[in-house]
Amino acid sequence: MQTPLLPLTLLMAVLTATCLHAAPKETVILAPQPFDDKLTGWEARGQAEFAGDAQQTHDGHAAARITIAPGTPLSWQQIRKRCGDAPGETQPADQFRASAWVRTDGAVAAPGGYLALEFVDAADNRIGIAHSQMGAGLGSTEWAQLTAEGTAPEGTKALRINLVLNAEGTVWFADAEVVRTARFEPWPDLGNATRDIQIDLAKVVHPNFGGVGFHAFQQSFTWSKDEWDNVIYKKWRELNPSFVRLNDNQSWDRAKWDDVADHILRMKQTGTEVYMTTWDPPVLKTDAERRDYARKVVDNLEHLIRGRGCTNIHYYCMSNELSLGKWGSMAADMETFKAYHQALFDELKARKLDVKLLATDASPVDWWNTVEWAAKNMDDITGIYGGHHYVNDRALDDERFYPWFLEKAQWGAGIAKAKGKNFVLGEFGSKQDGRTIDGVMHDCCVYFDTPQESMLGIQVPEAAIAAINGGVYAMGYWTFMDLPDEMSKTYINKWGLFRASGQDHSTRSLYYAYGLLTKFFRGPATVYAVETSDPRLRVAAIQHHNRKTWSIVIVNRNKREVSVQIGARGAGVSPAIPDGTAFRKYVYDPAHPPMNPCGDLQGPSGKVAMKRGRLTDTIGPMTLTVYTTAYDDTPPAPVKGVKTEKAPDGGIVVRWQANSEPDLCYYRIFRDGVQIGSTVATKYSDRNAAGDTGVYKVVAVDQSGNAGR
Ligand SMILES: [Ca+2]
């Protein structure tokens, strides 16, 4: 993953919301005006020559010129102007479009001149940003229009338009304009009224949903057996994702590929389908070189799939996030992406290897216009579409994030659907901390280890629910676990549901929220449309294909407890979910995250049964609730043959006989009545044993979370 903070975003000029807006009347915030020679009213920033230039005009208006001399350090040199701060001009959730015209003096390196629209708070701090496309008019002297669209986050008091040059050379900007394109109607406060939720069985959103999953990288590292059994694979089995995105590395040797195959085969055991991509494809100029490279890539895929049986590898993309030599570079060079993709396509076809190529893997959502380009220009060699998004511009308490992202998901999935294909949200996550502190680049979720962290358990599932309801096929939260701290001295990547800092593998609160979705929103399943009487309830409903079980998730964005009644209608099936069907209820409350010191997922907080065609319940303020029939109530048998022995290096080793239940998930180990660990192995090393006087007990836990005696 990589989401640059200021640079690089391509315009998505496709959608504007329709259903949730008031009349689409545009309000001018900043009107196009000629620049005077001193650029009065504009603030110049960075090391460059800034001037008005009456010799360069657009629509008769004088332009502003920025020149960066060769050798000057690049620091997003720009002119900027504050606007939208008159009373009533700017409110949170308002939508804005900024535009300007740009031309260059011949060749200017990418990204050249572009514009950004910032949202600023009362203290003039930036709290959100939208970027225009990059590279417009490069190598050309024609005027090209730049446009950036964005929604004002909570706390927005004003706007700032930035006209930026981040390359050596000269650009001119003219006719900068900002308009408000839409203002939301407030949502009603429904008070204590019971909220009605209807699953519409006549309206299928996706007939073959692939599941809520992860990006994972356990295959890239070496783990001790204890780490693998007690932490990584234990959590993998417990969260049970049916979809994963994995990175490969074409410089791995055959021994490493075989190690990776072992990981993928473990994922095959959990019914997980795999999307692979690479981070470091070589920069190649000729078709012959690309064909050679494609042969090497497909050699490795063929070894995994045919040689090792990793038949759960279904998708491949030639690079992460359109990167070739430089992050995101192919967004402005889609022909090169297509050339690599074609070479891979030909090689896969020649070997009759059924791996679908994915286009385009672009991030963030603003760059999904590359997916449109691919659908138009390379659909015949594309098997599946996909893109990424990180919620960098939306606060955790932004209740308008959900409808916004739902619309984006519908757009992305719609591009694929129009071609009869699926769309994967390959990576997504919350807001990135991109700071470099003491020489260490922090590619981390900005909310980790802050008082706001537990609210990620609302926002991240909300993004997943939007993707499900938007018709996305499958998704991968970045990431299942942190990258190990030991990987690099200058770069850390912490987004995981649990940590990887030395011996610290503790769970974060998000484990107990998003983990409910990976566990209960598995594919293959049918996604049904859901209607609610309250826009602050975000609900998704699926029926699993194999056992016909149901899972329903509700995020309650109300700051109050609400009564809900959930029904299902349509398709001539009545009642679709028979009376008496008992749903287990799982709750995540960010005010009281159900943290478990051994990292075990929380159990159900009760059952609710269908009565007279309805599930009737009460859900807490700002909570996530999952209702599911994907469970059984039969716990595993008691564990037999528990024995202890002294370990040669101190401590106690506990061993036991394996249980044989087909739905067995893991074991809990207790010393003197206190749980000291969990594992998928039949052995546990108690390194903290005080002497050899402890009384040990082992309890088997099944996939439904039922614990034996
Ligand atoms: Ca069971």
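Note that this is a predicted model, so its numbers are computed, not measured.

Right, let's talk about the domain arrangement of the protein chain for a bit. What the domain assignment reports for the protein chain is domain 1 (27-182), domain 2 (195-199 + 526-628), domain 3 (206-520) and domain 4 (643-702). Using only C-alpha atoms to locate each centre, domain 1 and domain 3 end up separated by 33 Å. Mapped by element, the contributors of at least two residues to the side of domain 1 that touches domain 3 are strand S8 (126-131) and strand S9 (144-151). For the side of domain 1 that touches domain 3, the leading source of residues is S8, giving three residues. Taken together, the residues that form the side of domain 1 that touches domain 3 break down as five nonpolar, five polar and one charged.

Reading across from one edge, S2-S5-S10-S7-S8 is the order of the five strands in this open sheet, with antiparallel pairing throughout. The open sheet is flanked by strand S2 (43-45) and S8, the only strands paired with a single partner. For this sheet, the mean angle separating the axes of adjacent strands, direction not counted, is 25 degrees. Strand direction decides the pairing type here: strand S5 (residues 77-83) and strand S10 (residues 158-165), joined by seven bridges, are antiparallel.

Looking now at the confidence of the model for the protein chain. Across the protein chain, the average pLDDT comes to 92, with 95% of residues at 70 or higher. The low-confidence segment residues 3-23 (pLDDT under 50) makes 46 contacts with residues lying over four places distant or belonging to another chain.

As a further point, take unusual backbone geometry. Residue Trp 478 is joined to Thr 479 through a cis peptide bond whose omega torsion reads 5 degrees. With respect to the element layout, Thr 479 can be found in the loop between strand S22 (474-478) and strand S23 (491-494). Omega for the peptide link from Gly 523 to Pro 524 comes to -5 degrees, which places this bond in the cis form. In this structure, Pro 524 sits in strand S24 (residues 522-532). Of note in this structure, Leu 39 is not a glycine but carries a positive phi near 55 degrees. Topologically, Leu 39 is positioned in the loop between strand S1 (27-30) and S2. A tally of 18 C-beta atoms within 10 Å means that Leu 39 is categorised as partly exposed.

Taken in spatial order, the three strands line up as S35-S34-S37 in an open sheet, and their pairing is antiparallel. If you trace the sheet from one side to the other, it starts and ends with strand S35 (674-679) and strand S37 (696-702), each paired once. Recorded for the sheet is a direction-independent mean angle of 25 degrees between the axes of neighbouring strands. Judged from the five bridges that link them, strand S34 (residues 664-671) and S35 form a sheet pairing that is antiparallel. Bridged to Tyr 667 within S35 is Thr 679. Together, S34 and S35 form the strand contacts of helix H1 (residues 225-239), whose direction differs from that of S35 by roughly 75 degrees.

Below, the discussion takes up the pairing of S34. With six of eight residues buried, S34 lies mostly within the body of the structure. Pairing of S34 with S37, which is carried by seven bridges, proceeds in the antiparallel orientation. Each residue of the ladder has a partner; that of Arg 668, found in S37, is Val 699. The turn linking S34 back onto S35 is made up of two residues, and Asp 672 within it adopts a positive phi angle of 50 degrees.

This paragraph deals with the packing of helix H3 (residues 287-307) against helix H4 (residues 334-350). The packing of two helices is summarised by the inter-axis angle and the distance between the axes. Between H3 and H4, the least distance of the axes is 8 Å, while the angle of their chain directions is 50 degrees. When the axes of H3 and H4 are compared, the pair comes out oblique. Note on packing geometry: the crossing formed by H3 with H4 is right-handed. Across the interface between the two elements, Asp 287, Arg 290, Arg 291, Ala 294, Arg 295, Val 297 and Val 298 from H3 touch Ala 339, Tyr 340, Ala 343, Leu 344, Glu 347 and Leu 348 from H4. Here the residues of the contact of H3 with H4 are counted per class, giving eight nonpolar, no polar and five charged.

Let us now look at the nonpolar core. Counting 140 residues, the largest nonpolar core has Leu 344 and Leu 358 as its most contacted members. When sequence neighbours within four positions are dropped, the list of residues in contact with Leu 358 reads Tyr 275, Tyr 315, Tyr 316, Cys 317, Ile 384, Tyr 385, Gly 386 and Val 424. Ile 29, Leu 115, Ile 129 and Leu 163 belong to the second largest nonpolar core, which has 43 residues in total.

Attention now moves to the packing of helix H6 (residues 401-417) against helix H7 (residues 456-469). It is the contact of H6 with H7, at a shortest axis distance of 8 Å, that shows an interaxial angle of 35 degrees. The way H6 lies across H7 gives a crossing that is right-handed. Of the residues in H7, those in contact with Phe 401, Tyr 402, Phe 405, Leu 406 and Ala 409 of H6 are Gln 459, Glu 462, Ala 463, Ala 466, Ala 467 and Asn 469. The class makeup of the residues in the contact of H6 with H7 is eight nonpolar, two polar and one charged.

About the thresholds
- Residues numbered from 1 in each chain as written.
- Predicted model: local features only at pLDDT ≥ 70, side-chain atom pairs only at ≥ 80, totals over all residues.
- Domains from an automatic or database assignment.
- Helix = DSSP H or I, 4+ residues; strand = E, 2+ residues; numbered from the N terminus.
- Nonpolar A, V, L, I, M, F, W, Y, C, P; charged D, E, K, R; others polar.
- Pairing = 2+ DSSP bridges.
- Axes fitted to C-alpha atoms, helices over the stretch in contact; angles between N-to-C directions.
- pLDDT = per-residue confidence, 0-100.
- Contact = placed C-beta atoms within 7 Å.
- Buried ≥ 20, exposed ≤ 12 C-beta atoms within 10 Å, placed from the backbone.
- Parallel < 35°, antiparallel > 145°, perpendicular 65-115°, else oblique.
- Left-handed = near helix turned anticlockwise from the far one by under 90°.
- Core = buried A, V, L, I, M, F, W, Y, C linked by C-beta atoms within 7 Å.

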